[in-house]
Amino acid sequence: MKINFMKTGFFYLVFLVLTVSASFSQVSSEEIKPLDSEKLKGKIEHDIVVAQDGSGHFKTIGEALDAIRVYLPKPLTVYIKPGIYREKLVILGPVTNVTFEGESPETTLITYDDYAAKDNMGTFETYTLKVLGNSLTFKNLTIENSAGNVGQAVALHTEGDRLVFENCHFLGNQDTMFASGENSRQLYKNCYIEGTTDFIFGSATALFENCEIHSKADSYITAASTPEWVDYGYVFKDCKLTAAEGVTKVYLGRPWRDFAKTVFITTEMGAPIVPEGWHNWNRKNAEHTVFYAEAGSYGPGGSSGERVDWSHQLTSEEAKKIHIYEVFAGKTKPLDFYGNRWYGYENDNSFNLEDAWKKDVKNFPQIKPRAIPPSGSGSVTESRGHVYKKLGDRELELDVFSPVHAKLSRPAIVMIHGGGWKAGDKELQMPMAMALAEKGFVTAVVEYRLSPEAQYPAAIHDVKEAIRWLKVHADEFGIDSGRMAISGSSAGGQIAALVGFTNTQEYEGATELEVNASVKAIVDMDGVLAFHHPESAEGQVASEWLGGTYKQNPEIWDAASPLYLENPDLKPILFINSQYPRFHAGRDELVSKLEKEDVYSEVHTFPGTPHPFWLYDPWFDSTINLIVDFLGKVFHLEEN
């Protein structure tokens, strides 16, 4: 990961610049014309290409920054072609939702050479790049302070919130990276950071994942100044600590301020890391206020036996709690422009047919999982992979199943999988979707954003957009858009009920489709109707989706509960339930409301069943028949 040629191989870099492809694949060369940054100052909303040879919109990054409209209505990308950009740059606070992308850190370098003693400018004016804006991403770049070993000289100065640096290199000596800002959350992925003394310092909450941290001198890596009220300071996960030849004595950190927090988790530590690990900066009192910790350190410098007694060795369970979701929860919502977690997410595969069966068969040995029938069976037409919603690079898909010989438009069922709002997949609904298609319905199984990716109400907005998309494409699939139902199982049942009973902007979300998302009927299979209820057992999993516990967010818990809707758009609903009351919390009260409004409903319970009964024989066919009979009554379908 080291790039020493940056210091000595100028002509080699020039050669690389001349030989690398002249344009980014994301931007057609036909679209690129030189622009005047003065005339367009603060006006540009489209993607920008910067190229020193004049083949882009601008020759310098500074000109591009001047031209970008502040508080952009939608994200844009500044593509930076290979070159050595000698610029001192400030990205101001009003610049948001921009990605700055180079071709690679080896070929795209931003450099400057200010230092603290130069004209007495002080540490905080020595930056090469200062980032004050929010919701910004940097990829494939090198940021360098080339002043040399002359004292404090900052390469990167960051104070904005929701900042992501991916595959970037940060070069310097003392104070290379000022990762600061009391409300700033910063993610560094697959980066290389080098320096001599305190070369990662400041007050930010920053997570470093899979990074190489390279010490160039016997000194200190970190110098955090974490505020007392901040839960996390610097967190290093799966990183590697290396050192230059001749370096033998490196400390993990020392406290710039008394409440410094720094944690290393599963980090490979080279021999230069001193046995004691940490330093108190000659302030004994700081030993009682800082939080310095490790978990799973390994390598020659990773031994915990001689660490200072005021540092902490975390258990595996304690380390698990220092998760990216917790680190970046912050005091503001962790959302990007599209409502997703701005720092990305990890797929949760904990709920799937095989694992569910292995768990349930222990108590219900008679069950057999109903798998997805093989394609090409002849009775059902499959049409998969339709993108119904785009969120930047993220695409949400749905699959449609139709009766083969249907001559007229057919009623449709939009089907929503379960998994505790955090796991599961639309494939879990496919066996039922195909079985219902064989009964004459057009069915669609829908992918939606789960809680690791985006919290409530993102899933509700997604499902409603899927309904709109199907209505727009009704003729293509033979759908009678006036006879559409929604069904869901477990968490999907709760979503189905909430989608079916609501029609206000809070639940609808943004859309460009000029159709509504209403349905005529609802099928709820073991989905709760009230999160906070005597029968409900919802806790941690619901909290992850709803953005906090009931005590923390009672309004959101109630808003997500179909039972507690103030002005529900009531629809006929079928409840199919297992033996467990917790999965139909609020059902009986809701049935009473429906009866008072003369809205049709049915309740069916399978005694002695596991929660996900719809996945298994012997209840699969019975579940299908109940759905067919119910929708036959609601849609006044003729018997086949």
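Note that this is a predicted model, so its numbers are computed, not measured.

Focus on the packing of helix α8 (residues 458-472) against helix α10 (residues 491-501)
So, step 1. Taken N-terminus to C-terminus, the directions of α8 and α10 make an angle of 65°; their axes are 10 Å apart at the nearest point. Of the possible angle classes, the one that applies to α8 and α10 is roughly perpendicular. The hand of the α8/α10 crossing is right-handed. Judged by residue contacts, A459, I460, V463, K464 and I467 of α8 engage I495, L498 and V499 from α10.
So, step 2. Taken together, the residues of the contact of α8 with α10 sort by class into seven nonpolar, no polar and one charged.

A closer look at the pattern of salt bridges
So, step 1. Enumeration over the complete set of coordinates arrives at 32 salt bridges.
So, step 2. The closest approach of N and O atoms between E45 and R69, which form a salt bridge, is 2.3 Å. A residue pair is termed long-range when its members are at least 10 positions apart, and E45 in the loop between α2 (10-19) and β1 (48-50) and R69 in the loop between α3 (61-67) and β2 (76-80) qualify at 24 residues.
So, step 3. Residue R69 is classed as partly exposed on the basis of its relative accessible area, which comes to 35%.
So, step 4. R370 is the salt-bridge partner of D621, the closest N and O atoms lying 3.3 Å from each other.

A word on the environment of Y456
So, step 1. Counting through the fold element by element, Y456 comes out in the loop between β31 (442-446) and α8.
So, step 2. Using a relative accessible area of 12% as the deciding quantity, one classes Y456 as buried.
So, step 3. Sequence separation of Y456 and V235 is 221 residues, and the distance between their C-alpha atoms is 27 Å.
So, step 4. Apart from residues no more than four positions distant in its own chain, Y456 is found in contact with L498, E506, Y507, W545, L546, I556, A559 and A560.
So, step 5. There is a polar contact of 3.5 Å between the side chain of Y456 and the backbone oxygen of A559.

Here we look at unusual backbone geometry
So, step 1. Between Y456 and P457 the backbone carries a cis peptide bond, its omega angle lying at 10°.
So, step 2. A positive phi angle, near 55°, is found at N167, a position not held by glycine.
So, step 3. With respect to the helices and strands, the residue N167 is situated in the loop between β11 (163-166) and β12 (169-171).
So, step 4. A positive phi angle is found at D198, which is not glycine, with a value near 50°.

Here's the deal with empty space enclosed by the protein
So, step 1. The tally for this structure, following the rule as stated, stands at one cavity of 30 Å³ or more.
So, step 2. In this model, the largest cavity occupies a volume close to 50 Å³.
So, step 3. Forming the boundary of the largest cavity are I61, L65, I80, L89, I91, F100, I110, L129, F138, L141 and I143.

A short note on the layout of surface pockets
So, step 1. Taken as a whole, the largest pocket encloses approximately 1,500 Å³ of empty space.
So, step 2. The set of elements that each furnish at least two residues to the lining of the largest pocket consists of α4 (316-321), α5 (324-327), β28 (380-391), α8 and α12 (540-546).
So, step 3. Residues belonging to the lining of the largest pocket are distributed by class as follows: 16 nonpolar, 16 polar and 16 charged.
So, step 4. In this structure, the second largest pocket encloses a volume near 1,200 Å³.
So, step 5. Lining the second largest pocket we find 41 residues, and of these T99, T137, K139, D336 and D393 sit closest to its centre.
So, step 6. Mapped onto the lining of the second largest pocket, the elements with two or more residues apiece are β2, β5 (98-102), β8 (136-139), β11, β14 (185-189) and α5.
So, step 7. In terms of residue class, the lining of the second largest pocket is made up of 16 nonpolar, ten polar and 15 charged.

Regarding the nonpolar core
So, step 1. By size, the foremost hydrophobic cluster in this structure holds 63 residues, and its most contacted members are V78, F100, F138, F170, Y188, I200 and F208.
So, step 2. Ranked by residues supplied to this core, first place goes to α3 with four residues.
So, step 3. Aside from chain neighbours lying at most four places away, what touches Y188 is L156, T158, F165, F170, M177, A179, A206, L207, F208, E209 and C211.
So, step 4. By size, the runner-up hydrophobic cluster in this structure holds 57 residues, among which are W421, V528, A530 and A559.

Brief notes about the sheet that holds strand β6 (residues 108-112)
So, step 1. The strand order across the open sheet built from eight strands is β3-β6-β9-β12-β15-β18-β21-β24, with neighbouring strands paired in parallel fashion. This sheet does not close on itself; its edge strands, each paired only once, are β3 (83-86) and β24 (268-269).
So, step 2. In terms of strand pairing, β6 meets strand β9 (residues 142-145) through four bridges, oriented parallel. Among the inter-strand pairings, I110 is bridged to a residue of β9, identified as I143.

Some remarks on the pairing of strand β20 (residues 234-237)
So, step 1. Every second residue of β20 is oriented toward a common face, with Y234 and F236 on one face and V235 and K237 on the other, all of them buried.
So, step 2. Relative to β20, strand β17 (residues 205-209) runs parallel, the two being bridged by four bridges. Within β20, the residue paired with A206 across the bridge is Y234.
So, step 3. Judged from the four bridges that link them, β20 and strand β23 (residues 261-265) form a sheet pairing that is parallel. Bridge assignment links K237 to a residue of β23, and that residue is I265.

Rules of the game
Residues numbered from 1 in each chain as written. Predicted model: local features only at pLDDT ≥ 70, side-chain atom pairs only at ≥ 80, totals over all residues. Heavy atoms only, no water. Axes fitted to C-alpha atoms, helices over the stretch in contact; angles between N-to-C directions. Helix = DSSP H or I, 4+ residues; strand = E, 2+ residues; numbered from the N terminus. Parallel < 35°, antiparallel > 145°, perpendicular 65-115°, else oblique. Left-handed = near helix turned anticlockwise from the far one by under 90°. Contact = heavy atoms within 4.5 Å. Nonpolar A, V, L, I, M, F, W, Y, C, P; charged D, E, K, R; others polar. Salt bridge = Lys/Arg side-chain N within 4 Å of Asp/Glu carboxyl O. Buried < 20%, exposed > 50% of the residue type's maximum accessible area, 1.4 Å probe, protein only. Polar contact = N/O pair within 3.5 Å; in protein donor to acceptor, adjacent residues only side chain to side chain. 1 Å grid on protein atoms, 1.4 Å probe; cavity = no way out; pocket = protein on both sides within 12 Å on 5 of 7 lines; lining within 4 Å. Points joined across faces, edges and corners; volume = space filled by probe spheres on them. Core = buried A, V, L, I, M, F, W, Y, C linked by side-chain atoms within 4.5 Å. Pairing = 2+ DSSP bridges.

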